[in-house]
Amino acid sequence: MARITGRTILIVGASSGIGAEVARHLAPGGNRFVITARRAPELAAVAQEIRAAGSACLHIAADALDPQAAADVVAAAAAEYGTIDIALLNAGQGPDMSMDQVTVDEVERIMALNYDVVVNYLIPLIGQMRSQKAGGLIAHTSSLAGLMGIPRQGPYSAAKAAARTLIDAARVELAPRGIRFTTIHPGFVATERISEDGLPKPFQVSQERAARHVVRALEKEPAQAYFPWPTAALVRTLRALPTPLSALLLRKLASR
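A few points on the structure. Starting from 1, residues in each chain are numbered consecutively following that chain's sequence as written. Totals for whole chains, interfaces and linings use every residue, but because this is a predicted model, local features are given only for residues with pLDDT of at least 70 and side-chain atom pairs only at 80 or more, for both listing and counting. Side-chain numbers here rest on the full set of heavy atoms in the structure, without hydrogens or water.

Ordered by their spatial adjacency, seven strands build an open sheet running β3-β2-β1-β4-β5-β6-β7, and the pairing between neighbours is parallel. Two strands in the sheet have a free side with no partner beyond their single neighbour: β3 (56–61) and β7 (224–227). Ignoring which end each strand starts from, the neighbouring axes of this sheet average 15 degrees apart. When DSSP finds two or more bridges between two strands, those strands count as paired. Secondary structure counts use DSSP, requiring at least four H or I residues in a row for a helix and at least two E residues in a row for a strand, with both numbered from the N terminus. When strand β6 (residues 179–186) meets β7, the two strands line up parallel, connected through four bridges. What sits directly across from His 185, in β7, is Tyr 226. Simply put, an axis is a line fit to the C-alpha atoms, just over the touching stretch for a helix, and the angle between two N-to-C directions goes from 0 to 180 degrees.

Shown next, in the form of structure tokens:
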């Protein structure tokens, strides 16, 4: 049984991938879920699994790119259960994008999918948690790619870095109000979405293993959580090296 029990948990991006797996891991804990994503049939199927495992679940099909839809999800969660104890912001995409071929529109869309969606939920969640005596935890699934510019993932790296920086500032400002923030930095995760994108994926982990890491982060609430350790160590090493050397190594890794 997970340590997280009897909590109200909002998961954004819960119809598949890491979000759905985290919900499955926490469902036996007698929690109260609000799960949301754009794909209604897939979301309903995950909700059914959660209920069958012993937790209550409200599922709401909504587009995280729509600020009003995001605010409505937060309001519906509070209306249904009174408080939101944990929110996992898990929406986002990171396709293979070469900087010599990408368009302005494509960069803007990746920024929206990985930064705007965080803002759309972050602001109403802060408003809700400020009204709660115990505050709450807001966790964001970022990426190790957000720690440096990764070739063929430049727009994705930039968007994740922007979201991480925003949350770092919120962590400092809102700690006195009991609102905590955890930024989770996965390496490559074997989701269906990235299975055929052509990117090299060193030290790739399964969705189920990634979900276990995320659940552990939700339990322990570190400011930053990194996994798997070989990829995290590689990124730390690259960041510590002189720029010409790290650039050379990154070019070799990206060309594999």
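Moving on to the nonpolar core. Formed by 33 residues in total, the largest nonpolar core has its most connected members in Ile 11, Val 22, Phe 33, Ile 35 and Leu 218. For this core, the secondary structure elements donating two or more residues are β1 (8–12), α1 (17–26), β2 (32–37), α2 (40–52), β4 (86–89), β5 (136–141), α6 (207–220) and β7. A total of six residues in this core trace back to one element, the largest contributor, which is α6. Two residues form a contact once any of their heavy atoms are found within 4.5 Å. Sequence-distant contacts of Ile 11, defined by excluding residues within four places in its chain, comprise Gly 19, Val 22, Ala 23, Phe 33, Val 34, Ile 35, Thr 36 and Leu 88. Val 34, Ala 77, Ala 170 and Ile 179 belong to the second-largest nonpolar core, a separate cluster that totals 30 residues. Nonpolar cores are built from buried Ala, Val, Leu, Ile, Met, Phe, Trp, Tyr and Cys residues. Side-chain atoms within 4.5 Å join them into one set. The rule is simple: take the accessible area with a 1.4 Å probe, protein chains only, and divide by the maximum for that residue type; under 20% is buried, over 50% is exposed, in between is partly exposed.

Bringing unusual backbone geometry into the picture now. Note: most residues except glycine have negative phi, and most peptide bonds are trans. Geometrically, the link from Phe 227 to Pro 228 is a cis peptide bond, its omega value of -10 degrees lying close to zero. Looking at the secondary structure, you find Pro 228 in the loop between β7 and α7 (229–240). A positive phi angle is found at Arg 152, which is not glycine, with a value near 70 degrees. Residue position: Arg 152 is located in the loop between β5 and α5 (154–174). Note on Arg 152: relative accessible area 23%, which makes it partly exposed. Phi is positive for Glu 221, which is not a glycine, with a value near 55 degrees. Within the fold, Glu 221 resides in the loop between α6 and β7. The exposure class assigned to Glu 221 is partly exposed, which follows from its relative accessible area of 27%.

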